[in-house]
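Next come the chains, spelled out residue by residue.
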Amino acid sequence: LLCFENISTELSQLYSRLGKSKYVTLTLRDYGYNNNRSTSQKDLDNSILFAESLGAELVIIPDVIENLSNYLIPSKVLISFSSRKLINDRVYVYSKSLINLFSPSGAYSISLCIKNAKSIMFNFAKGGFDSSEDYYKKYYNLRLGDQPYLKIKGYLMWNSISPDYTVDDLLYAYKLLN
């Protein structure tokens, strides 16, 4: 991680604003090809409540900056624009977070390779040509409920098991990863 200690001025300012506060990240996903993989307002609301339940701040890493206006984001929520653009900043933010939250996306895979990072992917296998239970069975040999990433601090919240997941579901996964 030494090469990632050189963070941008923008991220330094975000950390100044955080002070000594703990935080949770939510990587917003705006996947136009399959809305089942996109982050919804409900996902954002659950993330806010989850961070609050941990006594932490929420830091959002946006996907498409122009789409932020599609969400109702309270002013207390921080947004890391530099982590959207700069991989060093993204890796640093993920590595220092209490936990990282994702809808299905490649960013989740990045987090699994970062020392000290813990990550939850909600809405896993929700549907679509590239995100169904059949797809993950065919290409990854995963069955409903499998947790192949627990040893590297990753949890898959299967949509069929938790279709209307709550903060309690996130807390369950968080406890498993700690």
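Keep in mind it's a predicted model, so treat the numbers as computed, not measured.

Engineer: Can you tell me about the overall build of the protein chain, naming the residues and giving the values?
Structural biologist: For the protein chain, the helix and strand inventory stands at seven helices and six strands. In the protein chain, the succession of helices and strands from N to C terminus is α-β-α-β-β-α-α-β-α-β-α-β-α. In terms of overall dimensions, the protein chain is globule-like: its C-alpha atoms have a radius of gyration of 15 Å, near the 16 Å expected for 178 residues. Looking at the protein chain as a whole, 49% of its 178 residues are labelled buried. Here the contacts in the protein chain between residues at least 6 apart in sequence split such that 62% fall between residues at least 24 apart. Approximately 9000 Å² of the protein chain is accessible, and the part contributed by carbon and sulfur atoms is 52%.

Engineer: Can you explain the side chain of N159? Please cite residues and give values.
Structural biologist: Mapping N159 onto the fold places it in the loop between strand 6 (154–158) and helix 7 (167–177). Apart from residues lying up to four places away in sequence, N159 is in contact with N123, F124, A125 and K126.

Engineer: Explain the packing of helix 2 (residues 41–53) against helix 7 to me, and be specific about the residues and the numbers.
Structural biologist: Between helix 2 and helix 7, the least distance of the axes is 9 Å, while the angle of their chain directions is 55 degrees. By the angle between their directions, the pair helix 2 and helix 7 is classed as oblique. Pair helix 2 / helix 7 crosses with right-handed handedness. Between helix 2 and helix 7, the residues in contact are N46, L49, F50 and S53 and V167, L170, L171 and Y174, respectively. When grouped by side-chain class, the residues that make up the contact of helix 2 with helix 7 number six nonpolar, two polar and no charged.

Engineer: Explain the nonpolar core to me, using residue names and the numbers behind them.
Structural biologist: Grouped together as the largest cluster of nonpolar side chains are 27 residues, with contacts concentrated most on V24, F50, L58, L101 and I120. Contributions of two or more residues to this core are made by strand 1 (23–27), helix 2, strand 2 (57–61), strand 4 (99–102), strand 5 (119–124), strand 6 and helix 7. Setting aside residues up to four positions removed in sequence, L58 forms contacts with V24, T25, L26, L44, S47, I48, A51, V77 and L78. Of all hydrophobic cores here, the second largest spans 25 residues; its members include V91, V93, M121 and W158.

Engineer: For the environment of S21, give the residues involved together with the corresponding values.
Structural biologist: Position of S21 relative to the elements: it lies in the loop between helix 1 (9–18) and strand 1. Separated by 3.0 Å, the side chain of S21 and the backbone oxygen of L18 make a polar contact.

Engineer: Please provide a residue-by-residue account of helix 1, values included.
Structural biologist: What helix 1 keeps buried is the set L11, L14, Y15 and L18. In an axial view of helix 1, the angular spread of the buried residues amounts to 100 degrees, which keeps them on one side of the axis. Those residues of helix 1 that are exposed and angled more than 90 degrees off the buried face are T9, Q13, S16 and R17. Check the buried side of helix 1 and you find it contacts strand 1, strand 2, strand 3 (78–79), helix 3 (81–85) and helix 4 (87–96). Positive backbone phi, approximately 65 degrees, marks G19, located one or two places after helix 1.

Engineer: With reference to specific residues and values, describe the environment of N70.
Structural biologist: In this fold, N70 is placed in the loop between strand 2 and strand 3. On the accessibility criterion, N70 (57% relative accessible area) is exposed. In this structure, the C-alpha to C-alpha distance between N70 and Q41, residues 29 residues apart in sequence, is 8.5 Å.

Conventions used here
Residues numbered from 1 in each chain as written. Predicted model: local features only at pLDDT ≥ 70, side-chain atom pairs only at ≥ 80, totals over all residues. Heavy atoms only, no water. Helix = DSSP H or I, 4+ residues; strand = E, 2+ residues; numbered from the N terminus. Rg over C-alpha atoms; globule rule 2.2 N^0.38 Å. Buried < 20%, exposed > 50% of the residue type's maximum accessible area, 1.4 Å probe, protein only. Contact = heavy atoms within 4.5 Å. Areas by Shrake-Rupley, 256 points an atom, 1.4 Å probe, with all protein chains shown as cover. Axes fitted to C-alpha atoms, helices over the stretch in contact; angles between N-to-C directions. Parallel < 35°, antiparallel > 145°, perpendicular 65-115°, else oblique. Left-handed = near helix turned anticlockwise from the far one by under 90°. Nonpolar A, V, L, I, M, F, W, Y, C, P; charged D, E, K, R; others polar. Core = buried A, V, L, I, M, F, W, Y, C linked by side-chain atoms within 4.5 Å. Polar contact = N/O pair within 3.5 Å; in protein donor to acceptor, adjacent residues only side chain to side chain. Arc of directions from axis to C-beta.

Remember, this is a structural readout, not a statement about activity or role.
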